[in-house]
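Coordinate analysis (summary)
Residues per chain, in single letters:
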Amino acid sequence: MAMTDPIADLLTRIRNAHRVSKRQVAVPYSKLKSRVLDVFKRYGFIEDFNAELAAGKAVLRVRLKYGPDGERMFSHIQRVSRPGRRVYVGLDAVPSPLNGLGLAVLSTSAGVMSHVEARKRRLGGEVLCEVW
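What counts, and where the lines are drawn
Residues numbered from 1 in each chain as written. Predicted model: local features only at pLDDT ≥ 70, side-chain atom pairs only at ≥ 80, totals over all residues. Heavy atoms only, no water. Core = buried A, V, L, I, M, F, W, Y, C linked by side-chain atoms within 4.5 Å. Buried < 20%, exposed > 50% of the residue type's maximum accessible area, 1.4 Å probe, protein only. Helix = DSSP H or I, 4+ residues; strand = E, 2+ residues; numbered from the N terminus. Contact = heavy atoms within 4.5 Å. Salt bridge = Lys/Arg side-chain N within 4 Å of Asp/Glu carboxyl O. Phe/Tyr/Trp six-rings, centres within 6.5 Å; stacked < 30°, edge-to-face > 60°. Axes fitted to C-alpha atoms, helices over the stretch in contact; angles between N-to-C directions. Parallel < 35°, antiparallel > 145°, perpendicular 65-115°, else oblique. Left-handed = near helix turned anticlockwise from the far one by under 90°. Nonpolar A, V, L, I, M, F, W, Y, C, P; charged D, E, K, R; others polar. Expected span 1.5 Å × (residues − 1). Pairing = 2+ DSSP bridges.

**With respect to the nonpolar core**
Ile14, Leu37, Phe40 and Val105 are the most contacted members of the largest nonpolar core, which has 26 residues in total. For this core, the leading source of residues is helix α1 (residues 6-19), giving five residues. Among all residues touching phenylalanine 40, those that are not within four sequence positions of it are Leu11, Ile14, Phe45, Ile46, Phe74, Ile77, Leu103, Val105, Cys129 and Val131. By size, the runner-up hydrophobic cluster in this structure holds ten residues, among which are Val87, Val94, Ala118 and Val127.

Here it is, written out as structure tokens:
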């Protein structure tokens, strides 16, 4: 059966692995997922990720990050725009989750980026997810 929302699947796999304190999780590969994970890595929500072949299929192996005492880096990870309800914002409506302490990931005409980068580059776009 085909997956209708690959970003929601990515976020759910990360959320579930984080809840049971797994060190890494594997997700099916896609360029969009790779770009979202790159934003997570730049802002310190995950340790690292890499693409590899497993059983003849491309997967992204995501290494999750925890604090010095095992604290979780995510307390909230949520899909905003869904296939049934797309959420687009202009420059003046780019969200700032948790008053700037969180991270919103946007898909813009210049690629996938955080809300901070989108504001600096004066871009709006589709809000993919929010994390804090």
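Anyway, onward from the coordinates.
**Overview of the side chain of aspartate 9**
For aspartate 9, the position within the fold is in helix α1. What makes aspartate 9 buried here is its relative accessible area of 18%.

**Here we look at the pattern of salt bridges**
Going through the model one piece at a time under the given rule, you end up with nine salt bridges. Here aspartate 38 ties to arginine 42 by a salt bridge, and the two come within 3.4 Å at their closest N and O atoms. Taken together, the residues span about one helical turn, with aspartate 38 and arginine 42 both in helix α2 (residues 31-42) at a distance of four residues. Aspartate 48 is paired through a salt bridge with lysine 41; the nearest N and O atoms lie 2.9 Å apart.

**A closer look at the packing of aromatic side chains**
In this structure the tally under the stated criterion is three aromatic pairs. Plain terms: the ring middles of phenylalanine 40 and phenylalanine 74 are 5.9 Å apart, the flat faces sit at 65° to each other, and that makes the pair edge-to-face. Taken together, the residues phenylalanine 40 in helix α2 and phenylalanine 74 in the loop between β3 (57-64) and β4 (77-79) connect sequence positions 34 residues apart. For phenylalanine 74, a relative accessible area of 8% gives the class buried. Geometrically, the ring pair formed by phenylalanine 45 and phenylalanine 74 is stacked, given 5.5 Å between the ring centres and 20° between the ring planes. In this pair, phenylalanine 45 is assigned in the loop between α2 and β2 (46-54) and phenylalanine 74 in the loop between β3 and β4, connecting sequence segments 29 residues apart.

**Focus: the packing of α1 against α2**
For the pair α1 and α2, interaxial distance at closest approach is 10 Å and the crossing angle is 45°. Between α1 and α2, the interaxial angle falls into the category oblique. For α1 against α2, the interelement crossing comes out right-handed. Mapping the contact onto sequence places Pro6, Ile7, Asp9, Leu10, Leu11 and Ile14 in α1 and Leu32, Lys33, Val36, Leu37 and Phe40 in α2. A breakdown of the residues in the contact of α1 with α2 according to their chemical character gives nine nonpolar, no polar and two charged.

**A look at α2**
The α-helix advances 3.6 residues per turn, and as a result positions three or four apart in sequence lie on the same side. For α2, which comprises twelve residues, the first-to-last C-alpha distance of 17 Å matches the rise-based estimate of 16 Å (1.5 Å per residue) to within 8%. Of the positions making up α2, those classed as buried are Lys33, Ser34, Val36, Leu37, Val39 and Phe40. Backbone geometry just after α2 places glycine 44 at a positive phi near 80°.

**Brief notes about the sheet that holds β3**
What the three strands build is an open sheet, ordered β1-β3-β2; its pairing is antiparallel. A strand with exactly one partner marks an edge of an open sheet, and here the two such strands are β1 (24-28) and β2. Strand-to-strand twist of the sheet, defined as the mean angle between neighbouring strand axes without regard to direction, takes the value 25°. Where β2 meets β3, eight bridges bridge the pair, whose relative direction is antiparallel. When the bridges of β3 are listed, glutamate 52 appears paired with valine 59. Across the face of the sheet, α1 comes into contact with β1 and β3 while running at roughly 165° to β1.

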